[in-house]
Amino acid sequence: MTTTTPVLAGEATAEPTPRTAAGRVRKRLNSRTATIVSIIIALIWTVPTFGLLLSSFRPEDDIKQTGWWTFFSNPQLTFQNYNDVLFGRSSSSGQLANYFVNSLVITIPSVLFPIAFAALAAYALSWINFRGRDWLYIAVFALQIVPLQMALVPLLSFFSRGVSLGGITLLPPWDLDNEGKFIQVWFAHTCFALPFAVFLLHNFISQLPGELMEAARVDGAGHSKIFRSVVLPLITPALASLAIFQFLWVWNDLLVALIFAGGGRETAPLTVRLAELAGTRGGEWQRLTAGAFVSIVIPLIVFLSLQRYFVRGLLTGSVKG
Amino acid sequence: MEFEDFAPKLSMLLYGVIGFVVVVGGLLLLLDVVPNYFARRREAALVAASLSTSDGPAPTLGRRVRKHREGLLGLAFLLPALLLLLIGLVIPAIRTILLSLRNGDSTAFVGLDNYLWIFRENDIVRVLLNTAGWVILVPLLATSVGLLYAVMVDRARFEAVAKSLIFLPMAISFVGAGIIWRFVYAYRGEGDQIGLLNWLWTLVGGEPRQWLNEGPLNTFLLIVVMVWIQAGFAMVILSAAIKAIPSDIVEAARLDGVTPWQMFWRVTLPSIRPALIVVIVTISIGTMKIFDIVRTMTNGNFDTNVVALEMYNQAFRYQQAGQGSALAVFLFILVIPIVIFQIRNLRRQREG
Amino acid sequence: MAVSSRPRQALVLATTLALALSAAACSSDDGGDSGSASSPECAAYDAYTGNDGTTVSIYASIRDAEADLLEESWKQFEECSGITIKYEGSGEFEAQLPVRVDGGNAPDIAFIPQPGLLKRFADAGKLKEASAETKTMAEANYAKEWLDYATVGGKFYGAPMGSNVKSFVWYSPKLFAEKGWKVPQTWDEMMQLSDTIAGAGIKPWCAGIESGDATGWPATDWIEDVMLRDQGAEVYDQWVDHSIPFNDPKVVSAVDRVGKILKDSKYVNGGFGDVKSITTTSFQEAGTPILENKCAMYRMASFYANQWPEGTKVAEDGDTFAFYLPPVDPAKGKPVLGGGEFTVAFADRPEVQKVQTYLASGEAANNRAKLGNWVSANKKLEVSNVENPIDKLAVEILQDQSAVFRFDGSDLMPAAVGAGTFWKGMVEWINGKSTSEVLDQIEGSWPK
């Protein structure tokens with residue numbers, strides 16, 4: 001993360017120049033070997049997913065009896081698996097749209113809150129001078145290791161019992177029901193996302209050139225103004241890439257949702273529903289493959305359409321270290 | 001599906017977003033208004049002070065006030081994050097440490113028994129060894145593959161496409177990835193193989209094998225899944241870092257007549273060190289907590305268990321809160337080297 | 001689900017219509033606050049009125065289509081009593097329930113399939129003792145041995161509801177008839193039959209113990225069933241409550257008896273491969289080779305009837321059916337291994353107690369049984385309400401006076417063993433470890 005290399009403020013502009021070390025290394029390495037190795041890696045990284053995708057469209061018997069690669073000699077496609085997974089045989093399924101909306105409602109605030117709070121915190125930990133701030137940062141960083149499984153019971157108890165000290169109620173129970181449970185899920189996701197978000201954003205923010213801050217301060221800007229008008233615009237790409245991370249994490253989460261949203265139709269996200277579908281009739285590849293693909297497709301779309309920002313965000317980050 | 005069903009959810013979402021705007025906007029506003037108010041008062045005080053005494057302690061006083069005020073301000077910026085961290089992670093962590101000193105249903109104090117148990121049970125020692133394997137191999141392999149690939153496709157013709165192929169798996173959940181790879185490792189005792197690996201294996205003349213049943217190979221095969229997911233992350237960051245190496249450094253090295261290998265080791269690698277550290281630290285911590293992949297693919301059977309899964313099982317399935325918590329504390333201890341490393345880095349950054 | 005789904009759907013539809021009509025009847029004269037009691041359909045629910053507009057939450061492991069039927073079955077109760085039941089089923093039930101309870105977010109009622117877990121909650125003071133009404137209802141409808149599983153420290157916590165019989169072996173009546181094989185009546189006959197089948201070039205047995213994060217349980221059921229037969233009910237009880245060690249020679253003997261089938265590649269694993277393939281074959285798909293005559297027998301509980309592919313006829317003269325796993329010594333009675341879930345309450349509001357009482361009643365059992373695919377040890381359950389043949393057979397066995405019934409042992413043991421090392425140990429055992437090594441290891445893991 002942090003750096004020993006002397007980092008120049010204007011370094012980012014060096015990026016488009018064609019002669020980089022890597023380009024050079026690559027040219028000197030036997031370029032045919034490089035091509036072959038990279039093709040092999042690319043294959044290993046895509047073929048398994050492709051196999052899953054193809055399998056999800058094959059009839060049940062075919063999946064169970066022959067490998068998906070035999071598809072090319074015996075092409076047979078069906079939408080039955082998707083039909084089963086999406087519309088199911090039980091009356092409680094066929095409402096995937098419901099769970100989809102739940103996922104959406106859970107995800108959006110769960111992405112916004114931690115990013116905002118982490119950005120504020122990361123700014124304070126980088127540019128506001130107060131005693132013990134480095135130790136505070138290290139502590140926040142170290143919190144990444146706390147397994148969220150161990151945090152479930154205390155946090156749930158915080159919601160359902162409130163906080164009381166020696167018989168005095170400091171915070172009443174939240175008593176959330178139905179749609180209100182979304183608040184619990186947002187809260188939980190925000191807590192769990194903070195250490196990594198602070199860590200990542202601290203990397204970016206602490207590497208911003210100090211002259212900029214100084215100049216703004218001379219102009220009479222306070223921390224709040226500097227944060228809004230100097231820091232935020234500069235770290236937008238970083239925020240975007242963090243948002244993608246957090247989106248993927250929340251969208252794919254099962255454990256937090258199970259505890260804080262419950263399994264009901266009102267609040268449970270897509271992952272909970274798909275886990276149930278795959279679980280009741282386990283070992284059935286045709287459902288598992290289709291179900292897995294349904295769960296993958298949204299993050300995939302989001303990821304592919306936003307990857308430009310993602311790369312840009314991480315790029316600024318690593319330039320600055 | 002009627003809209004009425006969605007209406008309460010969507011209005012909930014609306015409340016959430018409004019809440020976000022109010023909280024964050026309000027906080028920023030507060031941070032704007034309050035310091036200004038104090039600044040004005042301080043100015044007034046200074047003016048008053050300079051009127052009464054023409055020289056003396058005013059500037060020092062001002063600095064001390066200012067330093068004090070910086071602390072308060074910092075606290076205000078940090079407050080939401082710190083509060084949430086306290087409730088969501090610090091208190092649970094302390095509770096976990098306390099629970100680890102108590103028995104299964106937390107009714108009696110047992111001292112360090114749970115920790116002794118970790119090292120006494122052969123099964124658990126196995127779990128620790130497996131986790132060690134994961135924590136060493138995953139960051140190493142994922143970073144190496146990511147770096148290798150980044151170097152090789154750099155400026156290649158289809159660079160953008162080639163890169164997105166590698167980081168696609170990042171969008172897939174651990175459970176989804178587990179399913180994908182279980183399919184790759186699938187075994188059929190009779191008839192055609194449906195698993196890719198066994199198919200390839202039989203093509204080169206091997207007998208079909210139950211890959212996930214055979215230790216220690218199976219642990220390695222699970223590690224492959226994690227590497228598969230994380231390599232894309234490493235690749236993206238490292239590729240960006242490589243592109244950012246200043247050309248004059250490269251040029252100077254070239255004039256010195258270094259070989260490509262030397263170039264890689266002496267120029268490329270040191271230049272991307274900060275990015276490398278981000279990648280390795282992030283992947284290491286993620287690997288320590290790995291849980292879903294093992295649960296989906298082998299459920300920890302056949303000697304593939306890892307600490308986080310065993311912790312979950314002990315605490316929630318076997319109702320042995322003490323032993324589960326002790327394993328969690330063990331994870332806290334595992335992360336200490338990384339924390340120390342971070343402290344050293346931070347110091348160096350402050351000095352530099 | 002699988003069993004000839006069309007008639008079932010028609011039945012569900014018919015019941016739904018009937019319920020809708022009765023609901024209309026209920027509400028039509030719903031003038032006063034408990035006016036529903038006056039309609040004839042609601043007469044049976046008189047005892048449960050008086051808590052209009054309240055809600056009771058239920059949390060259980062039953063989900064998907066089975067959960068729909070369950071909710072269907074208490075529709076009328078809801079209409080007539082005015083109590084709304086909010087049901088939630090989850091595959092993660094066993095791990096999630098303790099989290100919710102410890103986090104102060106317990107459901108009003110839970111259906112707990114493990115008496116061991118029930119005891120843990122009772123000991124921790126989390127459960128509410130069942131009301132006098134519930135207790136009376138339960139005592140009238142269930143045998144004492146069932147109620148004992150829900151009694152901790154002299155306090156009774158809740159009646160059983162659904163049950164299942166595990167001592168079944170699935171087979172293909174067609175294949176048996178074609179080859180002239182007879183359903184075995186003793187263990188020895190069964191082993192001889194196995195040899196005959198193996199001689200005919202068919203693998204006699206199928207097995208699969210993969211079940212996600214519960215992998216291993218089908219093997220523990222095997223061991224328990226054979227413990228009952230090899231050693232008798234008394235030794236079984238001692239084994240379960242740990243008054244004999246887990247690695248006692250008696251246990252070794254039972255496990256080795258199972259090993260003669262499951263660890264012999266001559267007998268297993270039809271359609272899937274060698275012995276080790278048992279560990280990676282899911283219990284849901286393990287029986288299906290029977291339909292293709294790739295194997296002849298599969299030991300699995302009555303609920304496996306739901307797992308057959310659509311269109312499979314489950315009947316004594318159909319594509320598949322099950323016979324009772326024969327005893328080693330028929331003179332010693334008819335051991336039956338089974339399981340079920342207990343309806344326990346974490347709250348004692350009057351409406352919660354009313355729901356709990358209703359669930360113990362004969363109406364509840366019959367209402368659910370009418371919808372199909374369900375068995376209960378409830379004495380008021382009328383066999384005529386049980387539609388499919390395998391469930392009928394199960395009810396007959398459960399109500400059979402000569403049967404020696406025992407609850408699934410792994411559900412009675414401490415979870416660390418019963419849902420932990422016992423499951424995992426069985427996986428390792430099939431994967432090649434020796435009996436003594438595995439049993440020693442399980443014994444060492446028994447919580448002190």
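Residues numbered from 1 in each chain as written. Chains lettered and ligands numbered in written order. Predicted model: local features only at pLDDT ≥ 70, side-chain atom pairs only at ≥ 80, totals over all residues.

An unreviewed UniProt entry lists chain B under the name Alpha-glucoside ABC transporter permease, with Asanoa iriomotensis as the source organism. The UniProt entry for chain B carries the following text under Sequence similarities (unreviewed entry): "Belongs to the binding-protein-dependent transport system permease family." (UniProt positions renumbered as here; feature names shortened; annotations may be inferred.)

An unreviewed UniProt entry lists chain A under the name Sugar ABC transporter permease, from Asanoa iriomotensis. Checking UniProt for chain A, the heading Sequence similarities (unreviewed entry) contains the comment "Belongs to the binding-protein-dependent transport system permease family."

This part takes up the overall build of chain A. Looking only at helices and strands, chain A features 13 helices and two strands. Counting all 321 residues of chain A, 52% fall into the buried class. (Helix = DSSP H or I, 4+ residues; strand = E, 2+ residues; numbered from the N terminus. Buried ≥ 20, exposed ≤ 12 C-beta atoms within 10 Å, placed from the backbone.)

Moving on, we come to the sheet that holds strand β10 (residues 321-324) of chain C. Residue and element names in this part refer to chain C. Across the sheet, four strands lie side by side as β8-β9-β7-β10; this open sheet has mixed pairing. The outermost strands of the open sheet, each flanked by one partner alone, are β8 (203-205) and β10. Pairs of neighbouring strands in the sheet enclose a mean axial angle of 25 degrees, with direction left out of account. Looking at chain direction, strand β7 (residues 168-171) and strand β9 (residues 295-299) are connected through three bridges and run antiparallel. Bridge pairing in β9 links tryptophan 170 to tyrosine 298. (Pairing = 2+ DSSP bridges. Axes fitted to C-alpha atoms, helices over the stretch in contact; angles between N-to-C directions.)

The next thing to look at is the interface of chain B and chain A. For interface size, the figure often reported is the accessible area lost on association. Opposite the 110 residues of chain B that make contact, chain A presents 107 residues. Here the residues of the side of chain B that touches chain A are counted per class, giving 77 nonpolar, 19 polar and 14 charged. (Contact = placed C-beta atoms within 7 Å. Nonpolar A, V, L, I, M, F, W, Y, C, P; charged D, E, K, R; others polar.)

Our next topic: the UniProt feature "transmembrane region" (unreviewed entry) in chain A. All names here are of chain A. According to UniProt, the "transmembrane region" (unreviewed entry) feature falls on residues 34-54, 99-123, 135-163, 183-205, 226-251 and 288-306. Helix makes up 100% of residues 99-123 and strand 0%, whereas the separation of the span's terminal C-alpha atoms amounts to 37 Å. Across residues 288-306 one finds 100% helix and 0% strand; the C-alpha atoms that close the span lie 28 Å apart.

Turning our attention to the packing of helix α13 (residues 307-317) of chain B against helix α14 (residues 321-334) of chain B. All names here are of chain B. Viewed as axis vectors pointing N to C, α13 and α14 meet at an angle of 155 degrees, and their least axial separation amounts to 7 Å. On the basis of their axis angle, the class for α13 and α14 is roughly antiparallel. Seen along the crossing, α13 lies across α14 with a hand that is left-handed. Of the residues in α14, those in contact with Val307, Glu310, Met311, Gln314 and Ala315 of α13 are Ala321, Gln323, Gly324, Ser325, Leu327, Ala328, Phe330 and Leu331. Grouping the amino acids of the contact of α13 with α14 by side-chain chemistry returns eight nonpolar, four polar and one charged. (Parallel < 35°, antiparallel > 145°, perpendicular 65-115°, else oblique. Left-handed = near helix turned anticlockwise from the far one by under 90°.)

All names here are of chain B. UniProt records the feature "transmembrane region" (unreviewed entry) for residues 12-34, 72-94, 132-153, 165-184, 220-242, 263-285 and 321-341 in the present numbering. End C-alpha atoms of residues 72-94 are separated by 26 Å, and the span's content is 100% helix alongside 0% strand. In residues 220-242, helix accounts for 100% and strand for 0%; the two terminal C-alpha atoms are 30 Å from one another.

Our next topic: the interface of chain C and chain B. Taken together, the contacts link 26 residues of chain C with 19 residues of chain B. Where the side of chain C that touches chain B is concerned, the elements lending two or more residues are α4 (93-102), α13 (277-280) and α19 (415-430) of chain C. Take the side of chain C that touches chain B: its biggest share by element is six residues, from α19(C). In the side of chain C that touches chain B, the residues fall into 10 nonpolar, 10 polar and six charged.

This next bit is on the confidence of the model for chain B. Per-chain confidence: chain B averages 86 in pLDDT, with 93% of residues scoring 70 or above. Per the prediction output, this complex has pTM 0.87; the corresponding ipTM is 0.86. (pLDDT = per-residue confidence, 0-100.)

This part covers unusual backbone geometry. Residue B:Pro216 is reached from B:Gly215 by a cis peptide bond, and omega for that bond is -5 degrees. The topology assignment puts B:Pro216 in the loop between α7 (196-203) and α8 (217-243). Of note, the amide linkage connecting C:Val268 to C:Asn269 takes the cis form, showing an omega dihedral of 5 degrees. Within the secondary structure layout, C:Asn269 lies in the loop between α12 (249-262) and α13. If you check the backbone angles, B:Asn299 has positive phi at about 55 degrees while not being a glycine. Accessibility expressed as a C-beta count within 10 Å gives 22 for B:Asn299, which makes it buried. With phi around 55 degrees, C:Asn293 is a residue other than glycine that occupies positive phi space. C:Asn293 sits in the partly exposed class, given 15 other C-beta atoms within 10 Å.

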